[in-house]
Amino acid sequence: MDPEPRKKTIKVSSPEQFAKIMLAAARTNPEVRRGVMAQMLKDLRPVHPPMESLPCANANWKITESTCDKPGRMVCGSCRLTAYCSRECQRAHWRAHKKDCKSMLRDEDWQPSWVGQDRAPDFFDSCTLEREENRSSKGHPATPMAIWGTTPAMDVLNLEMNEKDLSSDLNLAFIASGDLRNVVKTINSLPSEFSGRLTILLNDAPPIASQNLLLLIILATVPDVALAADVALHYWYSAFLLPEYEAQVQLAADIVLNKEPDEQGNAPLGEKSTLGWYYGAKSKEYLWHCLRGKLSTEIAKVEYNQAQTTSSRRDHRERFMAQLRPSHRVAFDEYRRSGIVRPFGAPNPHFTKPNLSLFTLEGKWWQSDSASPLNGWDPCEVINTGKKYGAQAEDIFGCFYFFLSEQLRNFARRIREMRIAFKLFCWSPAEVGEFMKQNKFEDIDLPSTTRFDRIDVSNIMDQDHRFGSRLDNILEIWGSLLSEQPSAALVGCFTVWFIGNDGSSAANSGEEVALECAQRLIGLEEMNDKLANLLAQKYMATYNMDAVFENSKAFMAYLQKDGLAEVLEKTNLKLRDQHTILPHRYRVPLDGPADALPTFSGGEAWYNYSSLVSWMWSTRYTEFCRA
């Protein structure tokens, strides 16, 4: 009798090694590859699962088991940033928590350094009050990319106010999509009874297009919805990942993209949805960078820290901090330091892998130090959701964690339950429109006969946009691709249209108007004397004054100066006076007139919208439809 073959035991020391071994084994037998890797996605789970409620802050996750795994019910009465399951845990954690609770940033007398040094801040220009653009520090991207966006997520369908048909098939085009926030908001806002098929075109620059592709794959492919949402949350907004999450991203992408990304392709995205992409060589390079790039944790941490703390930007960061309440200053400082979206009391030393989707090919941090995940969402909704899970308003990034987790879980379920065909591109908006007309996308089931019920152009019609697009160029190319249905619309926003146009904002309408608006701001909230003094000296963010400045007439004058009348006649489009999809401005009722001003339910709401996020209150939305 032949001896029984001796079994070889392989010792696996890390999730990354496990993933590599299993990938190699699966690739030797393509027939079982998908099954093996699908099983790997089920088996590869983090030691600490996604949070379902606020944890007790007395935890030490440097070891396998946390010190305390109970929910945090008792909030620190001083800072309200952490919570504990008991007095005993609070006392045990005080030595670690004291440095945050007693931080100088929480001092009521804290002021920007330029005040103590009796000097004008670096950002102050006595000749103009217009918004200053971010300046990059030496060695960082010459033009930081706003991967997370700076306008709040919007539902671009508003189905119940428009088509109303819950069984209709709809085509949506996000031709300069930015991140996925508008897609998530739109899909999650659909009535649960909706049964139609959705075709969604997504287009943006290679770094953003690559991240969007991988986020969709994660949300549709990782079997457990809660885990899929947690992986996607951190892949979207955290500078560093769990090793298990990095492996999840690589495995999910490998299943869908079939070993390595091609420049174009079609693939199933779960059981009901599909994914098609038509990328160029540059996006393929970024995809490969995101999945297999080489950037050490040590170098990534140094680079991230330099991007967040460069001395030339100190006054800018402190201007933002000056308008925050004490505990919010500590919360924002902690997020900038760690780069991890987590509740304040949740340890994060186990997030050790650089999130390569947020670093350039050269290993530089993509964004400015002013970039914040909160800018893309409604802060009041964030806080209200966080409170349901035990987080306090002071722990703003804890609130954001639970808010986004809830949003992404709903979105992941809908990808799996609805029929959605995602089509991703990474060209200029004009090129995508021309390629559509030339039938270049027929191979990914997007023929030239496709007409769209919504075309979201974001802010690319704005002056000086990075895509170099113009109002006439976009309306001429994409207006012809708009559906003939009465509810169909091309929607967009203008965010920096006021620059160089006198009378279009509070800051460029003369000293008297600026001071009047500043006084109105002070009346919206009971400011302390120091903040009111800084505002009076024009050292604070002047674009908040536009929340109380009526700009509709100036905006129409700007559009007419840009040749609106001629373009509308040429394209057979019209500009809607009465909006049915997006409001004219932030915090304005959808059915409000063009000259309506933003409204706030009180001082707390005003603080949330003016201080926690950096929205441009001069921003205006437009809706174009068939004439």
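Keep in mind the model is a prediction, meaning the values are calculated, not measured.

Caption draft 1: Local environment of the packing of aromatic side chains. As enumerated under the stated definition, the model contains 35 aromatic pairs in all. Ring geometry for F600 versus W617: centroids 5.6 Å apart, planes at 75°, classification edge-to-face. On the criterion of sequence distance, the pair formed by F600 in the loop between β12 (573-575) and α21 (603-612) and W617 in the loop between α21 and β13 (620-626) is long-range, its members being 17 residues apart. Comparing F600 with W617 shows no difference in burial state: the two are buried.

Caption draft 2: The arrangement of the packing of helix α6 (residues 206-221) against helix α9 (residues 281-292) in detail. Running from amino to carboxyl end, α6 crosses α9 at an angle of 55°, the nearest separation of the two axes being 9 Å. As the angle between them shows, α6 and α9 are arranged oblique. Note that α6 runs across α9; the crossing there is right-handed. Only K282, S283, Y286, L287, C290 and L291 of α9 make contact with α6, whose side of the interface consists of P206, P207, A209, S210, L213 and L214.

Caption draft 3: How the structure looks around the layout of surface pockets. One number sums up the size of the second largest pocket: a volume of about 870 Å³. Taken together, 37 residues make up the lining of the second largest pocket; nearest its centre are E334, R337, A346, P347 and N348. When contributions to the lining of the second largest pocket are tallied by element, the ones reaching two or more residues are α3 (87-101), α10 (297-309) and α12 (326-338). Among the elements that take part in the lining of the second largest pocket, α12 stands out by supplying seven residues, more than any other. Of the residues belonging to the lining of the second largest pocket, the class tally is 18 nonpolar, ten polar and nine charged.

Caption draft 4: Local environment of the pattern of salt bridges. According to the stated counting rule, one finds 21 salt bridges in the structure shown. The residue R181 makes a salt bridge to D179 at a minimum N-O spacing of 2.7 Å. Residue classification places R181 among the buried residues on the basis of a relative accessible area of 7%. Across the salt bridge formed by K570 and E476, the nearest N and O atoms sit 3.2 Å from each other. Taken together, the residues K570 in helix α20 (residues 564-571) and E476 in helix α16 (residues 471-479) connect sequence positions 94 residues apart.

Caption draft 5: Molecular detail of helix α11 (residues 314-322). Of all nine residues in α11, eight are buried; the element is thus mostly enclosed. Restricting attention to buried positions, one finds in α11 the residues D315, H316, R317, E318, R319, F320, M321 and A322.

Caption draft 6: Spotlight on the pairing of strand β4 (residues 197-203). For β4, the buried fraction is high: six of the seven residues fall into the buried class. Of the pairings in the sheet, the one linking strand β3 (residues 170-174) to β4 comprises five bridges and is parallel in character. Counted as the bridge partner of L172 is I200 from β4. The sheet contact formed by β4 and strand β9 (residues 419-425) spans seven bridges and is parallel. Bridge pairing in β9 places L198 opposite I420.

Caption draft 7: Region of the structure containing the side chain of K423. Looking at where K423 falls in the secondary structure, it is placed in strand β9. Buried within the structure, K423 lacks any salt-bridge partner; its nearest side chain of opposite charge belongs to D445, at an N-O separation of 4.3 Å. A distance of 2.6 Å separates a polar atom in the side chain of K423 from the backbone oxygen of I444. Leaving out residues up to four positions away in the same chain, K423 has contacts with T199, I200, L201, L202, N266, G276, I444, D445 and L446.

Caption draft 8: Main features of unusual backbone geometry. We note that R80 has phi near 60°; this positive angle belongs to a residue other than glycine. Locating R80 in the fold gives a position in the loop between β1 (74-75) and β2 (83-84). You can call R80 partly exposed: its relative accessible area is 33%. The backbone phi angle of N572 is positive, close to 60°, even though this residue is not glycine.

Caption draft 9: Expanded view of the confidence of the model for the chain. Across the chain, the average pLDDT comes to 86, with 84% of residues at or above 70. Here residues 1-10 is a poorly scored stretch, pLDDT under 50, and it has one contact once near neighbours within four places are set aside; other chains count. Residue range residues 126-139 is modelled with pLDDT below 50. Its contacts to residues more than four positions away, or to other chains, number 24 contacts.

Thresholds applied
- Residues numbered from 1 in each chain as written.
- Predicted model: local features only at pLDDT ≥ 70, side-chain atom pairs only at ≥ 80, totals over all residues.
- Heavy atoms only, no water.
- Phe/Tyr/Trp six-rings, centres within 6.5 Å; stacked < 30°, edge-to-face > 60°.
- Helix = DSSP H or I, 4+ residues; strand = E, 2+ residues; numbered from the N terminus.
- Buried < 20%, exposed > 50% of the residue type's maximum accessible area, 1.4 Å probe, protein only.
- Axes fitted to C-alpha atoms, helices over the stretch in contact; angles between N-to-C directions.
- Parallel < 35°, antiparallel > 145°, perpendicular 65-115°, else oblique.
- Left-handed = near helix turned anticlockwise from the far one by under 90°.
- Contact = heavy atoms within 4.5 Å.
- 1 Å grid on protein atoms, 1.4 Å probe; cavity = no way out; pocket = protein on both sides within 12 Å on 5 of 7 lines; lining within 4 Å.
- Points joined across faces, edges and corners; volume = space filled by probe spheres on them.
- Nonpolar A, V, L, I, M, F, W, Y, C, P; charged D, E, K, R; others polar.
- Salt bridge = Lys/Arg side-chain N within 4 Å of Asp/Glu carboxyl O.
- Pairing = 2+ DSSP bridges.
- Lys, Arg positive; Asp, Glu negative; His and termini not counted.
- Polar contact = N/O pair within 3.5 Å; in protein donor to acceptor, adjacent residues only side chain to side chain.
- pLDDT = per-residue confidence, 0-100.

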